[in-house]
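Coordinates in review
Below, each chain spelled out in residue letters.
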Amino acid sequence: MKVIETYSSEETFEAGRTIGRAAKAGDIYTLDGDLGAGKTVFTKGVAAGLSIKEHVNSPTFTIIQQYDTGRLPLYHFDVYRISDIEEMDEIGYEDYFYGNGVCIIEWAHLINELIPENAARITIEKNPEKGFDYRKITIY
Ligand code: ADP
Ligand code: MG
């Protein structure tokens, strides 16, 4: 387990970038934390670490967005609006989870039963006592 405390979105982006630089084909990272915690900021950092040039945004309405311009393909999931786990089957999630790219999954606890054992689990938490821009990032 590793804990990273950040005090700005830039620092959270940098934490993601470090992960992206080290990422290997087949890696899966789950991201959990409240709305506005910084999951998408972190993901943008991961994309930068993979040298992805495209603009990365949360794929809330499409569940998955794929980026192919980097060192490895990035499969960015946001499953916040999923209402039935079968929607994951419909998008063919297994091809991504067990493929040769890097998966990052926002709100992963909502599809917990589908997350492979070997996934790296990341949580981002606020702490009002430590200020508005404070975040605690825990990597399990
Ligand atoms: P999520 O995807 O978890 O819903 P976003 O990444 O879209 O959250 O948004 C996080 C928001 O919080 C952004 O507006 C960002 O500027 C702000 N923010 C403030 N401090 C931090 C921090 N330390 N880390 C990440 N984001 C932060
Ligand atoms: Mg988001």
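Figured I'd write up the structure that's included with this text. Bear in mind that the values here come from a model prediction, so they are computed numbers and not experimental data.

Things to note about the nonpolar core
Note that soluble globular proteins tend to have their nonpolar side chains buried in a common cluster. Grouped together as the largest cluster of nonpolar side chains are 22 residues, with contacts concentrated most on Tyr 29, Phe 42, Leu 50 and Leu 74. Going through the elements one at a time, helix H1 (9-22), strand S2 (28-32), helix H2 (39-49), strand S5 (102-106), strand S6 (120-125) and strand S7 (135-139) are the ones with two or more residues in this core. Grouped together as the second largest cluster of nonpolar side chains are 19 residues, Ile 28, Cys 103, Ile 105 and Ile 111 included.

What to know about the coordination of the magnesium ion (ligand 2)
Taken together, Thr 40 (OG1) and Glu 106 (OE) make up the protein donors of the magnesium ion (ligand 2), found 2.1 to 2.3 Å from the metal. Taken together, the residues Thr 40 in helix H2 and Glu 106 in strand S5 connect sequence positions 66 residues apart. Classification of Glu 106 by relative accessible area gives buried; the value is 2%.

Details of H2
Of all the 11 residues making up H2, 8 are buried; the element is thus mostly covered by neighbouring parts of the structure. Turning to H2, its buried residues are Lys 39, Thr 40, Phe 42, Thr 43, Gly 45, Val 46, Ala 47 and Gly 49. Each element contacted by the buried residues of H2 is listed here: H1, S2, strand S4 (74-78), S5, S6 and S7.

Overview of the pattern of salt bridges
Summed over all chains, the structure comprises 2 salt bridges. Linking Lys 130 and Glu 5 is a salt bridge whose minimum nitrogen-to-oxygen distance equals 3.6 Å. Taken as a pair, Lys 130 in the loop between S6 and S7 and Glu 5 in strand S1 (residues 2-6) lie far apart in primary sequence, 125 residues in all. With relative accessibility at 37%, the residue Glu 5 sits in the partly exposed group. Between Glu 14 and Arg 17 there is a salt bridge, with the nearest N and O atoms lying 2.7 Å from each other. Here Glu 14 and its partner Arg 17 are both found in helix H1, 3 residues apart, which amounts to about one turn of the helix. Residue Glu 14 is classed as partly exposed on the basis of its relative accessible area, which comes to 33%.

Considering the side chain of Glu 106
It is Lys 39 that comes nearest to the buried, bridge-free Glu 106 among opposite-charge side chains, at 4.7 Å. Within polar-contact distance, the side chain of Glu 106 engages the side chain of Ser 58 at 3.4 Å. Filtering out sequence-adjacent residues up to four positions away, Glu 106 remains in contact with Leu 31, Lys 39, Thr 40, Thr 43, Ser 58, His 76, Phe 77, Asp 78 and Val 79.

Points about the site of ligand 1
Every one of the 15 residues lining ligand 1 counts as a neighbour, but Thr 12, Gly 36, Lys 39, Thr 40 and Asp 133 are closest to it. The separation between a nitrogen atom of ligand 1 and a polar main-chain atom of Ser 8 is 3.0 Å. Here an oxygen atom of ligand 1 and a side-chain polar atom of Glu 106 are 3.2 Å apart. When isolated, ligand 1 has an accessible area of 570 Å², and the protein chains bury 74% of it. More than half of the atoms belonging to ligand 1 lie within 2 Å of the grid points that define the largest pocket. Broken down by element, the shell around ligand 1 gets its largest block of residues, 3 residues, from H2. Along the lines of polarity and charge, the residues of the shell around ligand 1 split into 3 nonpolar, 7 polar and 5 charged.

The rules behind each value
- Residues numbered from 1 in each chain as written.
- Chains lettered and ligands numbered in written order.
- Predicted model: local features only at pLDDT ≥ 70, side-chain atom pairs only at ≥ 80, totals over all residues.
- Heavy atoms only, no water.
- Core = buried A, V, L, I, M, F, W, Y, C linked by side-chain atoms within 4.5 Å.
- Buried < 20%, exposed > 50% of the residue type's maximum accessible area, 1.4 Å probe, protein only.
- Helix = DSSP H or I, 4+ residues; strand = E, 2+ residues; numbered from the N terminus.
- Donors = N, O, S within 2.8 Å, 3.2 Å for Na, K, Ca; no water.
- Contact = heavy atoms within 4.5 Å.
- Salt bridge = Lys/Arg side-chain N within 4 Å of Asp/Glu carboxyl O.
- Lys, Arg positive; Asp, Glu negative; His and termini not counted.
- Polar contact = N/O pair within 3.5 Å; in protein donor to acceptor, adjacent residues only side chain to side chain.
- Near = heavy atom within 4 Å.
- Areas by Shrake-Rupley, 256 points an atom, 1.4 Å probe, with all protein chains shown as cover.
- 1 Å grid on protein atoms, 1.4 Å probe; cavity = no way out; pocket = protein on both sides within 12 Å on 5 of 7 lines; lining within 4 Å.
- Sits in = over half its atoms within 2 Å of the grid points.
- Nonpolar A, V, L, I, M, F, W, Y, C, P; charged D, E, K, R; others polar.

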